[in-house]
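# Structural overview
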Amino acid sequence: MKKLEATTLTADQQKFFNDALAFVASVDKDGNPQVGPKGSVTVLDDKHLVWSEVTFAHLWDNIKAGSKVAIVVADVPSHTNVRVVGTATVHEGDDFAKEYAAKVGKPATAAAVVVEVEEIFA
């Protein structure tokens, strides 16, 4: 996987993130990794990914503590994958969180996590 110069998602990369199951990775305060699937990851725009947070578990704790995240999508048959690294911004109980939860059919108590794309690997 090679780091790309661009930090803007192409149309093909956006489609990939919208169509494939994404896995999100973070680290805890001691540097221990955590990774898991997030089925609601979608593209907000060419510089941001977003998901609806409903589990409020390890990933949530790590993000709230300031961990950067890596998000990867992969297609096994074609051996294609894209990974982004970025900083997460949490929207909890604000208008954006409520509107996004309604848009994706999640409970009103869901938070929205927006990740600014800072690095792209493909």
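Residues numbered from 1 in each chain as written. Predicted model: local features only at pLDDT ≥ 70, side-chain atom pairs only at ≥ 80, totals over all residues. Heavy atoms only, no water.

The next subject is the overall build of the protein. Each helix and strand in the protein was counted, giving three helices and eight strands. Shown N-terminal to C-terminal, the secondary structure of the protein runs as helices and strands in the order β-α-β-β-β-β-α-β-β-α-β. Taking 14 Å as the expected radius of gyration for a compact globule of 122 residues, we find that the protein reaches 14 Å, a close match to that expectation. On the principal axes, the C-alpha backbone points of the protein span a range of 35 × 35 × 25 Å. Per-residue burial for the protein yields a buried fraction of 37% across its 122 residues. Pairs at least 24 residues apart make up 67% of the contacts formed inside the protein by residues separated by at least 6 positions. (Helix = DSSP H or I, 4+ residues; strand = E, 2+ residues; numbered from the N terminus. Rg over C-alpha atoms; globule rule 2.2 N^0.38 Å. Buried < 20%, exposed > 50% of the residue type's maximum accessible area, 1.4 Å probe, protein only. Contact = heavy atoms within 4.5 Å.)

Attention now goes to the environment of Tyr-100. Here Tyr-100 lies in helix 3 (residues 95-104). C-alpha separation for the pair Tyr-100 and Ala-111, spaced 11 residues apart in sequence, amounts to 8.6 Å. Within the structure, Tyr-100 has its side chain in polar contact with the backbone oxygen of Ser-40 (distance 3.5 Å). (Polar contact = N/O pair within 3.5 Å; in protein donor to acceptor, adjacent residues only side chain to side chain.)

Attention shifts here to the pairing of strand 8 (residues 111-121). With eight of 11 residues buried, strand 8 lies mostly within the body of the structure. Where strand 1 (residues 3-4) and strand 8 come together, two bridges link them in antiparallel fashion. If you follow Leu-4 over to strand 8, its bridge partner there is Ile-120. Judged from the six bridges that link them, strand 5 (residues 48-53) and strand 8 form a sheet pairing that is antiparallel. Following the sheet pairing, His-48 is matched in strand 8 by Glu-116. (Pairing = 2+ DSSP bridges.)

UniProt records the feature "domain: Pyridoxamine 5'-phosphate oxidase N-terminal" (unreviewed entry) for residues 14-117 in the present numbering. Along residues 14-117, the helical share is 22% and the strand share 46%, with 12 Å between the first and last C-alpha atoms. (UniProt positions renumbered as here; feature names shortened; annotations may be inferred.)

A cluster of nonpolar side chains, namely Leu-21, Phe-23 and Val-35, defines an oily patch on the protein surface of about 280 Å² accessible area. Mapped onto the secondary structure, Phe-23 falls in strand 2 (residues 22-27). Residue Phe-23 is classed as partly exposed on the basis of its relative accessible area of 35%. (Patch = residues over 30% accessible without salt bridge, like charges linked within 9 Å, V, L, I, M, F, W, Y side chains within 5 Å. Areas by Shrake-Rupley, 256 points an atom, 1.4 Å probe, with all protein chains shown as cover. Salt bridge = Lys/Arg side-chain N within 4 Å of Asp/Glu carboxyl O.)

Turning our eyes to something else, we now look at the packing of aromatic side chains. Any pair of aromatic rings gets described here by the distance separating the centres and the angle formed by the planes. Inspection of the entire model under this criterion finds two aromatic pairs. When the centroid spacing of 4.9 Å and the interplanar angle of 85° are considered together, the rings of Phe-56 and Trp-60 count as edge-to-face. Judged by its relative accessible area of 31%, Phe-56 falls in the partly exposed class. When the ring of Phe-96 is compared with that of Tyr-100, the centres are 6.2 Å apart and the planes differ by 5°; the resulting orientation is stacked. You can see Phe-96 and its partner Tyr-100 sitting in helix 3, four residues apart, about one turn around the helix. Judged by its relative accessible area of 26%, Phe-96 is partly exposed. (Phe/Tyr/Trp six-rings, centres within 6.5 Å; stacked < 30°, edge-to-face > 60°.)

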